[in-house]
Amino acid sequence: MAVIKAFGDTIGSFGRAVIFLGEIAGCILRGKIRWRLVAEQVFEQGVQSLLIVLLAAFASGAVLAMQGQVMMERFGAKEFIAQLVALSLVRELGPIFTALVFSGKSGAGMAAELGTMSVNNQIAATRTMGVDPVEFLVVPRVVACLIALPVLVVLAEIVGILGGYVIGVYEAGVPSAYYWTQTINSIGFVDFFSGFIKVFFFAGLIGWVCAFQGFFTGGGSLGVGRHTTIAVAFCYVGVIVSNTVLTKMILMFWGY
Amino acid sequence: MIRVEELHKSFNGQSVLDGVSFSIERGEVVTFLGLSGTGKSVLLLHLIGLLSPDRGRIVIDGTDITRLSERELLAFRRQVGYLFQESALYDFMTVEDNLAFPLEEHTDLSDAQRRDKVREYLAMVDMEGAGGRYPSELSGGMRKRVALARALILGAKVLLCDEPTSGLDPVRSRDISVVIRDLSRRTGTTTVITSHDVANSFRISDRVFVLDKGRVVAQGTEDDIRGSQVELVRELVG
Ligand SMILES: Nc1ncnc2c1ncn2[C@@H]1O[C@H](COP(=O)(O)OP(=O)(O)OP(=O)(O)O)[C@@H](O)[C@H]1O
Ligand SMILES: [Mg+2]
């Protein structure tokens, strides 16, 4: 019985989440986007995640180069470190690491902010003033995700490549100029965009999940904590699972 | 001005409003008294269309608001001010910006006109000096005043106040009550208050309604209520 009820609740809240997504999309399609608020949110979300994103990116670039050195030296192909680092970052690690960090920082922040507003009746108050809270409070945050995350990913990829460069050049002894040309030549249009398409999907997913959890928070400050945690957990699972599916689809579509 | 007929509402099979009916004249100040959990907040939320009833009609200024769509409700709510129990000011805006917000949304006032209006309404609630502060820097009573000014700034025809005195000391409770009445009188607003503060309710209301178990069990002036034979009413006012 309890299982059936839990299952029913899950379907119910998924239904509500889909309706909520429809409301958000409706506002965006009708052009009800408050760009000044979007700009504020892009800045806020970007700043929240920037430092950790860059740190994670630099470290992963460096580690990729270290492992790359070991692997490539086995095949006597040390000069391919640059490609390994650049392609791994651009196709896979940049988007996914950044999306995970962004979920935990900016996504959590957004869920907590909206959650606090919900339990303090600021969302209800918006309605009493004749303003649609989805348009005023939610859409700017979701649209901001779609802008902030891609920007962060590009920065992460650049910094990650720098991390790889430091190891590749100073540890593995690849000549600097050679490292750069190898990096630039290795990244094709498809490599970049196959990663980048995923980023927009992740951004939408994180925005949707965190806004939904925050917006429908009840139960006081405990509720805010609970909904924020759920939001981040859903984002992690969603990003990781959808990444696998998207990667498969992209590989099928482009063939490489 | 406000006519409510046979309002029913239950949550998860639990009846909260069980046939509430009353009517309120234009410009009247009325208070709903009742114990905690009798559905006072639920009733008030119905009057602004944030909850919709299972059954019954709510006619405000000639419109049955239970039949309005969400979009029509947004427009309707511009004429109604709502004072939340917790004030519900935007905590990411200053006091001034909180007051300016409804004006920015619904009027074409210039920046200067808007600033004047904000200053005028802050003065009405004795909060002139606080415009640049954030709600978190104010006391509960001050927040209530600011929220009251925000609720009225669009020239509300109807003002709904959910427990304006809860959480305030006796002096502040009387102050905010008197401010509500004075502003209602001055702006000709029809005002509905919920409370369990008997003394202040009688002090400022033209009529008082007592809610119990989802129904109105007594109504009228202070004398009517004090003369009531209903058990709960006697306990409440006695
Ligand atoms: N959204 C809701 N979902 C389920 N039950 C609700 C909801 N809102 C209110 N209730 C229930 O309705 C009843 C009346 O609540 P309400 O908040 O109106 O009481 P109240 O008279 O305002 O009390 P108080 O004086 O404590 O504010 C309570 O039992 C409450 O649990
Ligand atoms: Mg209440």
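Bear in mind that the values here come from a model prediction, so they are computed numbers and not experimental data.

Caption draft 1: Fine view of the overall build of chain A. Along the backbone of chain A there are eight helices and zero strands. Shown N-terminal to C-terminal, the secondary structure of chain A runs as helices and strands in the order α-α-α-α-α-α-α-α. Taking all 256 residues of chain A together, the buried fraction comes to 50%. Intrachain contacts of chain A at a sequence separation of at least 6 include 84% that bridge at least 24 residues. Of the roughly 12000 Å² of accessible surface on chain A, 74% is carried by carbon and sulfur atoms. Averaging the coordinates of the 15 positive side-chain charges in chain A and doing the same for the 13 negative ones gives two points 8 Å apart.

Caption draft 2: Inspection of unusual backbone geometry at higher detail. Unusually for a residue other than glycine, asparagine 121 of chain A sits at a positive phi of about 65°. One can find asparagine 121 of chain A in the loop between helix 3 (81-119) and helix 4 (122-128). Note on asparagine 121 of chain A: relative accessible area 21%, which makes it partly exposed. Non-glycine residue glutamate 163 of chain B carries a positive phi angle of around 40°. Relative to the helices and strands, glutamate 163 of chain B is located in the loop between strand 7 (158-162) and helix 6 (170-187).

Caption draft 3: Examining the site of ligand 1 more closely. Residues and elements named next belong to chain B. Taken together, 13 residues sit near ligand 1, with Gly37, Lys40, Ser41, Val42 and Glu163 positioned nearest. Between ligand 1 and the protein, one listed contact pairs an oxygen atom with a backbone N or O atom of glycine 37 at 2.7 Å. Lysine 40 is positioned with one of its backbone polar atoms (N or O) 2.9 Å from an oxygen atom of ligand 1. Among the elements that make up the shell around ligand 1, the one with the highest residue count is helix 1 (residues 40-47) (three residues). The residue inventory of the shell around ligand 1, partitioned by class, reads four nonpolar, seven polar and two charged.

Caption draft 4: Quick look at the sheet that holds strand 8 (residues 190-195) of chain B. Residue and element names in this part refer to chain B. Strand order in the open sheet made by the six strands is 6-7-8-3-9-10, with mixed pairing throughout. Of all strands in the sheet, those with a lone pairing partner are strand 6 (80-83) and strand 10 (215-220), marking the two edges. Taking each pair of neighbouring strands and ignoring which way they run, the sheet shows an average axis angle of 15°. Bridge analysis of strand 3 (residues 29-33) against strand 9 (residues 207-212) gives four bridges, and the strand direction is parallel. Bridge pairing in strand 9 links threonine 31 to valine 208.

Caption draft 5: Spotlight on the domain arrangement of chain B. All names here are of chain B. Structurally, chain B comprises domain 1 (2-79 + 159-237) and domain 2 (93-155). With centres defined by C-alpha atoms, the gap from domain 1 to domain 2 works out at 25 Å. If you look at the interface, domain 1 gives 13 residues, while domain 2 gives 11 residues. Together domain 1 and domain 2 conceal approximately 1100 Å² of surface at their shared face, both sides included; 74% is due to carbon and sulfur atoms. In this structure, the connection of domain 1 to domain 2 is made through zero salt bridges. When its residues are assigned to classes, the side of domain 1 that touches domain 2 shows seven nonpolar, two polar and four charged.

Caption draft 6: Layout of helix 3 of chain A. A bend of about 60° at leucine 89 of chain A is the largest found in helix 3 of chain A. At the C-terminal side of helix 3 of chain A, asparagine 121 of chain A shows a positive phi close to 65°.

Caption draft 7: Geometry of the interface of chain A and chain B. Facing 18 residues of chain A, the contacting portion of chain B comprises 22 residues. Here chain A and chain B share an interface that buries about 1600 Å² over both sides, 62% of which is from carbon and sulfur atoms. Taken together, the links from chain A to chain B amount to two salt bridges. Residue arginine 34 of chain A is joined to glutamate 105 of chain B by a salt bridge in which the shortest nitrogen-to-oxygen separation is 2.7 Å. Taken together, the connections running from chain A to chain B amount to five residue pairs in polar contact (both at pLDDT 80 or more).

Caption draft 8: Examining the pattern of salt bridges more closely. Residue and element names in this part refer to chain B. Tallied over the full model, the rule gives 25 salt bridges over all chains. Glutamate 5 is the salt-bridge partner of arginine 3, the closest N and O atoms lying 2.8 Å from each other. Residue arginine 119 pairs with aspartate 116 through a salt bridge whose shortest N-O separation is 3.8 Å. Separated by three residues within a single helix, arginine 119 and aspartate 116 lie in helix 4 (residues 111-124), roughly one turn from each other. According to the relative accessible area criterion, aspartate 116 is partly exposed, its value standing at 47%. It is possible to trace a salt-bridge network through shared partners that takes in Arg3, Glu5, Arg57, Asp64 and Arg67.

Caption draft 9: Structural detail: the sheet that holds strand 1 (residues 2-11) of chain B. Residues and elements named next belong to chain B. The strand order 2-1-4-5 describes an open sheet built from four strands, whose pairing is antiparallel. Of all strands in the sheet, those with a lone pairing partner are strand 2 (14-24) and strand 5 (63-64), marking the two edges. In terms of strand pairing, strand 1 meets strand 2 through eight bridges, oriented antiparallel. Looking across to strand 2, one finds that arginine 3 is bridged to serine 23. Packed onto the sheet, helix 1 meets strand 1, strand 2 and strand 4 (55-60) and runs at close to 125° relative to strand 1.

Caption draft 10: The pairing of strand 8 of chain B, seen in detail. Residues and elements named next belong to chain B. Counting buried positions along strand 8 gives six out of six residues, so the element sits mostly inside the fold. Side chains Thr190, Val192 and Thr194 project from strand 8 onto one buried face, and the interleaved Thr191, Ile193 and Ser195 project onto a second face that is buried too. With five bridges joining them, strand 7 and strand 8 adopt parallel strand pairing. Bridge assignment links leucine 159 to a residue of strand 8, and that residue is threonine 191.

Caption draft 11: Examining the packing of helix 7 (residues 189-215) of chain A against helix 8 (residues 220-254) of chain A more closely. All names here are of chain A. Where helix 7 contacts helix 8, the axes come no closer than 9 Å and their chain directions differ by 155°. Between helix 7 and helix 8, the angle falls in the class roughly antiparallel. In the crossing of helix 7 with helix 8, the sense of the turn from one axis to the other is right-handed. The class makeup of the residues in the contact of helix 7 with helix 8 is 16 nonpolar, seven polar and one charged.

Rules of the game
Residues numbered from 1 in each chain as written. Chains lettered and ligands numbered in written order. Predicted model: local features only at pLDDT ≥ 70, side-chain atom pairs only at ≥ 80, totals over all residues. Heavy atoms only, no water. Helix = DSSP H or I, 4+ residues; strand = E, 2+ residues; numbered from the N terminus. Buried < 20%, exposed > 50% of the residue type's maximum accessible area, 1.4 Å probe, protein only. Contact = heavy atoms within 4.5 Å. Areas by Shrake-Rupley, 256 points an atom, 1.4 Å probe, with all protein chains shown as cover. Lys, Arg positive; Asp, Glu negative; His and termini not counted. Charge placed at Lys NZ, Arg CZ, Asp CG, Glu CD. Near = heavy atom within 4 Å. Polar contact = N/O pair within 3.5 Å; in protein donor to acceptor, adjacent residues only side chain to side chain. Nonpolar A, V, L, I, M, F, W, Y, C, P; charged D, E, K, R; others polar. Pairing = 2+ DSSP bridges. Axes fitted to C-alpha atoms, helices over the stretch in contact; angles between N-to-C directions. Domains from an automatic or database assignment. Buried area = accessible area lost by both parts, 1.4 Å probe. Salt bridge = Lys/Arg side-chain N within 4 Å of Asp/Glu carboxyl O. Bend = angle between axes of the 7 residues up to and from the residue. Parallel < 35°, antiparallel > 145°, perpendicular 65-115°, else oblique. Left-handed = near helix turned anticlockwise from the far one by under 90°.

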